[in-house]
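# Fold and geometry: a report
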Amino acid sequence: MCIDGILNVNKPAGKTSLEVVDLVRRLSGQRRVGHAGTLDPGATGVLPICLGQATRVTSFIVDARKIYQARIELGISTDTYDAEGKVTQRVDPSHITREKVEGVLQSLSGSILQRPPMYSALKYRGKRLYELARAGIEVERRQRRTEVFRLEMIAWEPPLFTIEVECGKGTYIRSLAHDLGQALGCGAHLRELIRLKSGPFDIGDSLTIPQLEDSFRYGYWPDVLYPMDVVLEHWVAAIVSEEKERAIRNGRPLALGDGVDKAYCRAYSLDGRFLAVLRFMPENGLWRPEKVFSASTEVTKEGLTS
């Protein structure tokens, strides 16, 4: 039986995101399993794992806001910008004050340009940057605009300090640590990283790996799955007639009533089944089915439905 839904997993340090995906694929026996936003092997925290048709909403989770807790060490720079890399520079940071650090944090907030680290999964001419970096090759990386909505210090224990970051898609916390060290003139690197929140998924509700394994061992894992539309609840929901349901199933654009947000919306059948993601077409005022979901076993707030 294929079940559609999302697991909120608390990834431990030392495991890659793909290793967690492989574990869930093996435990569930399902072929379509994927994660929604890579965490580095040394990082911990929220890693949404999507099963079945829920893999088709991963992009919306990736696009959602994230909250991280980051522990940064001043005075040491590394080639990976984190504790996993080789030390490239050591500088005495004893003259750096909390006020100086907080001043730089302000400059790294808002809409900023950020250069991705060489040790990242981004591609350059078909190769992952980290593959090139491991081969001793460094290439020019174009700066990318990203959004840092909130950046605040929550602990000061020099040369270590801890910040909390609320940010948008594509923000590298390692790069934030590196850029902060460069601005201070003493260098810095990311010591620890915890993802506290990813879209609607919070670390307080996440499953550790032992809890995840127990849920499969004792057969209650469908009870800890989130419905795949939980990541879309900030959109308006449209309940459509049987005639419009057929139009959606056939991929035909349709008209909806007034008062629907002009971007995306969720479409449901008269009996409450999640049918599709619809996208508004301003050129003709119609809604185009962008992602249509087949009838299957899915998780809802009331439990499993078929």
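Below is a summary of the structure that appears in this document. (Residues numbered from 1 in each chain as written. Predicted model: local features only at pLDDT ≥ 70, side-chain atom pairs only at ≥ 80, totals over all residues. Heavy atoms only, no water.)

### Let's talk about the overall build of the protein chain
The test is simple: Going along the chain from the N terminus, every DSSP run of H or I of four or more residues is numbered as a helix, and every run of E of two or more is numbered as a strand. Relative accessibility decides the category of a residue: with a 1.4 Å probe and only protein chains considered, values under 20% of the type maximum give buried, values over 50% give exposed, and everything between is partly exposed. Should any heavy atoms of two residues lie within 4.5 Å, those residues are counted as being in contact. Exposure was quantified through the Shrake-Rupley algorithm and a 1.4 Å probe, taking into account, for residues, occlusion by the shown protein chains and nothing else. In this charge count, Lys and Arg are treated as positive and Asp and Glu as negative; neither His nor the chain ends contribute. Where a charge lies is defined by one atom per residue type, namely NZ (Lys), CZ (Arg), CG (Asp) and CD (Glu).
Scanning the protein chain from terminus to terminus reveals seven helices and 19 strands. Residues counted as buried form 49% of the 306 residues belonging to the protein chain. Contacts spanning at least 24 positions in sequence make up 68% of the contacts within the protein chain whose residues lie at least 6 apart. Of the roughly 15,200 Å² of accessible surface on the protein chain, 47% is carried by carbon and sulfur atoms. Here the protein chain contributes 42 positive and 39 negative side-chain charges, whose respective centroids are spaced 6 Å apart.

### Quick notes on helix 3 (residues 98-107)
This is how it is decided: Directions drawn from the helix axis to the C-beta atoms are what define this arc.
When helix 3 is considered as a whole, its buried residues turn out to be Val101, Val104 and Leu105. One side of helix 3 carries all its buried residues, which in axial view fall inside an arc of 105°. Facing away from the buried side of helix 3 by over 90 degrees, the exposed positions are Glu99, Gln106 and Ser107. Elements in contact with the buried residues of helix 3: strand 4 (66-74), strand 10 (144-157), strand 11 (160-167) and helix 5 (173-184).

### As for unusual backbone geometry
Backbone torsion omega between Pro158 and Pro159 reads 10°, so that peptide bond is classified as cis. Position of Pro159 among the secondary structure elements: in the loop between strand 10 and strand 11. The phi dihedral of Tyr81 falls on the positive side, at around 70°, and the residue is not glycine. Mapped onto the fold, Tyr81 is located in the loop between strand 5 (76-78) and strand 6 (87-90).

### Structural notes on the nonpolar core
Our working rule: Buried Ala, Val, Leu, Ile, Met, Phe, Trp, Tyr and Cys residues that are joined via side-chain atoms within 4.5 Å together make up what is termed a nonpolar core.
Counting residues in hydrophobic clusters, the biggest one holds 45 residues, and the most contacted among them are Leu7, Ile49, Leu74, Val101, Ile173, Leu180 and Leu212. If one sorts the elements of this core by residue count, helix 5 sits on top with five residues. The contacts of Ile173, once residues within four sequence positions are left out, are Tyr68, Ala70, Val165, Cys167, Leu190 and Leu193. Formed by 19 residues, the second largest nonpolar core is a distinct cluster that contains Val231, Leu232, Val277 and Phe293.

### Brief notes about the packing of aromatic side chains
This is how it is decided: Paired rings are identified among Phe, Tyr and Trp, the last through its six-membered ring, by centres lying within 6.5 Å, and are further divided according to the angle between planes into stacked (under 30 degrees), edge-to-face (over 60) and tilted (the rest).
Tallying each qualifying case throughout the model produces nine aromatic pairs. Judged by centre distance (5.6 Å) and plane angle (80°), the ring pair of Phe60 and Tyr264 falls under edge-to-face. With Phe60 in helix 2 (residues 58-62) and Tyr264 in strand 15 (residues 264-268), the pair connects residues that are 204 residues apart, well separated along the chain. In terms of burial, Phe60 and Tyr264 fall into one category: buried.

### Some points on the pattern of salt bridges
Two side chains carrying opposite charge are able to pair once their charged atoms lie near each other. Quick reminder of the rule: Salt bridges are counted wherever a side-chain nitrogen of Lys or Arg sits within 4 Å of a carboxyl oxygen of Asp or Glu.
This structure, assessed with the given rule, holds 17 salt bridges. Note that Asp22 is salt-bridged to Arg25, the shortest N-O span being 2.9 Å. Here Arg25 and Asp22 lie together in helix 1 (residues 17-28), a separation of three residues that amounts to about one turn. For Asp22, a relative accessible area of 42% translates into the label partly exposed. In this structure, Arg217 engages Asp214 in a salt bridge whose closest nitrogen and oxygen atoms are separated by 2.4 Å. Of this pair, Arg217 and Asp214 both sit in helix 6 (residues 209-217), three residues apart, which is roughly one turn of the helix. Residue classification places Arg217 among the exposed positions, given a relative accessible area of 53%.

Purely geometric stuff here, so don't read any function into it on its own.
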